[in-house]
Amino acid sequence: MALATMPRVSLCALPTPLQRVRNFEQALGSDSPRIYVKRDDLTGLAMGGNKARKLEYLVADAVVAGATVLITEGAVQSNHARMTAAAAAAAGMKSALVLDTRNGDAVAGNLLLDHLFGAEVHLVAEPAERAEKMLAVAKALSERGETPYLVPTGGSVPIGATGYVRASLELADQLVEAGEAPVRLYAASGSLGTQAGLIVGAAMVSATYEVHGVAVSHASSPMEERCAALCDETAALLGLRQRFSAKDVILHPQFVGEAYGIRTKGGLEAIRLLAQTEGILLDPVYSAKAMSGLIAHVRDHTIRADDAVVFLHTGGSPALFAHGEALLVEA
Ligand SMILES: Cc1ncc(COP(=O)(O)O)c(C=O)c1O
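Residues numbered from 1 in each chain as written. Predicted model: local features only at pLDDT ≥ 70, side-chain atom pairs only at ≥ 80, totals over all residues. Heavy atoms only, no water.

Colleague: What's the story with the site of the ligand in this structure? I'm lost.
Modeller: Taken together, the neighbourhood of the ligand is formed by 16 residues, with Lys 54, Gly 190, Ser 191, Thr 194 and Thr 314 sitting nearest. Leu 192 places a main-chain nitrogen or oxygen 2.9 Å from an oxygen atom of the ligand. Protein chains shield 98% of the accessible area of the ligand, which is 380 Å² for the free molecule. For the shell around the ligand, a count of residues per class yields three nonpolar, eleven polar and two charged. (Near = heavy atom within 4 Å. Polar contact = N/O pair within 3.5 Å; in protein donor to acceptor, adjacent residues only side chain to side chain. Areas by Shrake-Rupley, 256 points an atom, 1.4 Å probe, with all protein chains shown as cover. Nonpolar A, V, L, I, M, F, W, Y, C, P; charged D, E, K, R; others polar.)

Colleague: Help me understand helix H4 (residues 109–116), please; the structure alone is not making it clear to me.
Modeller: Within H4, the full set of buried residues consists of Gly 109, Asn 110, Leu 111, Leu 113 and Asp 114. Those residues of H4 hidden inside the fold are in contact with helix H3 (79–90), strand E4 (94–100), strand E5 (120–124) and helix H11 (320–323). Within two residues after H4, Gly 118 carries a phi angle of roughly 80 degrees, on the positive side. (Buried < 20%, exposed > 50% of the residue type's maximum accessible area, 1.4 Å probe, protein only. Helix = DSSP H or I, 4+ residues; strand = E, 2+ residues; numbered from the N terminus. Contact = heavy atoms within 4.5 Å.)

Colleague: Explain the pairing of strand E10 (residues 308–313) to me, please; I cannot follow it from the model alone.
Modeller: Walk down a regular strand and you will see the side chains alternate between the two sheet faces. With respect to burial, E10 is a largely interior element, six of its six residues being buried. Neither face of E10 is open: one carries Ala 308, Val 310 and Leu 312, the other Val 309, Phe 311 and His 313, and all of them are buried. Pairing of strand E2 (residues 34–39) with E10 involves six bridges; the strand directions are parallel. Paired with Arg 34 across the two strands is Ala 308, which belongs to E10. Pairing of strand E7 (residues 184–189) with E10 involves three bridges; the strand directions are parallel. Its bridge partner being in E10, Leu 185 is matched across the sheet by Val 310. (Pairing = 2+ DSSP bridges.)

Right, dumping it as structure tokens:
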């Protein structure tokens with residue numbers, strides 16, 4: 001199926017801006033490249049973020065399947081879960097979320113919003129308990145006469161990744177308009193759907209940039225292989241002939257810190273620096289760790305001062321409110 005004919009429901013305000021952050025560049029010093037932020041924190045749905053683009057295709061698939069309720073899973077501060085609940089509301093469906101409380105269970109940030117969107121929330125203690133609970137929730141909903149649609153972790157299946165193939169076309173137009181040929185695009189990588197979509201999209205538009213994923217969690221299996229497989233499946237879904245291997249996937253694992261969801265010093269610096277130079281908010285779990293990677297690569301001269309780079313801002317700011325004062329104390 002071609003990109004143009006894939007069923008899609010409109011959930012986003014597009015195109016999101018591509019914004020050069022000159023004050024931020026200045027703060028990084030004379031070695032800074034030109035830095036453009038692709039503002040997918042402003043996708044428009046429920047406080048924004050990358051998942052909205054994936055959900056445009058996933059919700060369309062759910063509609064085709066006759067679904068009445070979207071079920072998904074994540075950590076208790078999952079942006080994906082919050083946006084799935086909002087997307088369900090926008091599409092006239094219900095939502096059920098299975099969330100693990102390994103990083104706490106305060107009804108704040110994304111979890112607060114989940115309730116506002118009317119989601120049925122099921123808490124479990126550990127990530128490993130989520131899959132079984134999802135199936136149990138789906139069964140219970142079916143018995144109540146609902147038709148559930150399971151949105152896989154992070155929406156990172158080919159249908160969801162298609163959102164970032166489409167985003168790559170949008171970005172290509174903006175780069176032509178800006179007269180820029182960036183060498184790298186940085187983005188936070190978790191369940192890998194965003195990165196896979198970006199890689200397939202970059203190949204489709206013959207982009208000048210390499211996609212650099214910054215990992216936000218420690219991997220239990222090689223992420224490059226998993227991402228390449230998702231690239232292949234996404235390309236196949238879209239009728240593209242190109243195939244991918246682990247060599248096509250660039251992932252930086254060294255900015256995760258202790259674990260998923262745990263703040264890092266570099267991430268907190270990135271939050272403060274972008275907020276105080278540009279008025280743009282990052283989040284401690286995803287976008288700040290990705291930006292800390294970009295900053296490190298500017299400082300160690302991996303990126304040259306006369307180059308341009310794009311930072312895909314994937315959103316996540318509601319999580320800031322779940323971290324509270326610690327963001328100031330530890331910064
Ligand atoms: C704010 C934010 N950035 C980045 C990501 C990572 O996207 P992906 O799961 O597609 O790798 C997520 C995923 O939850 C997210 O919420």
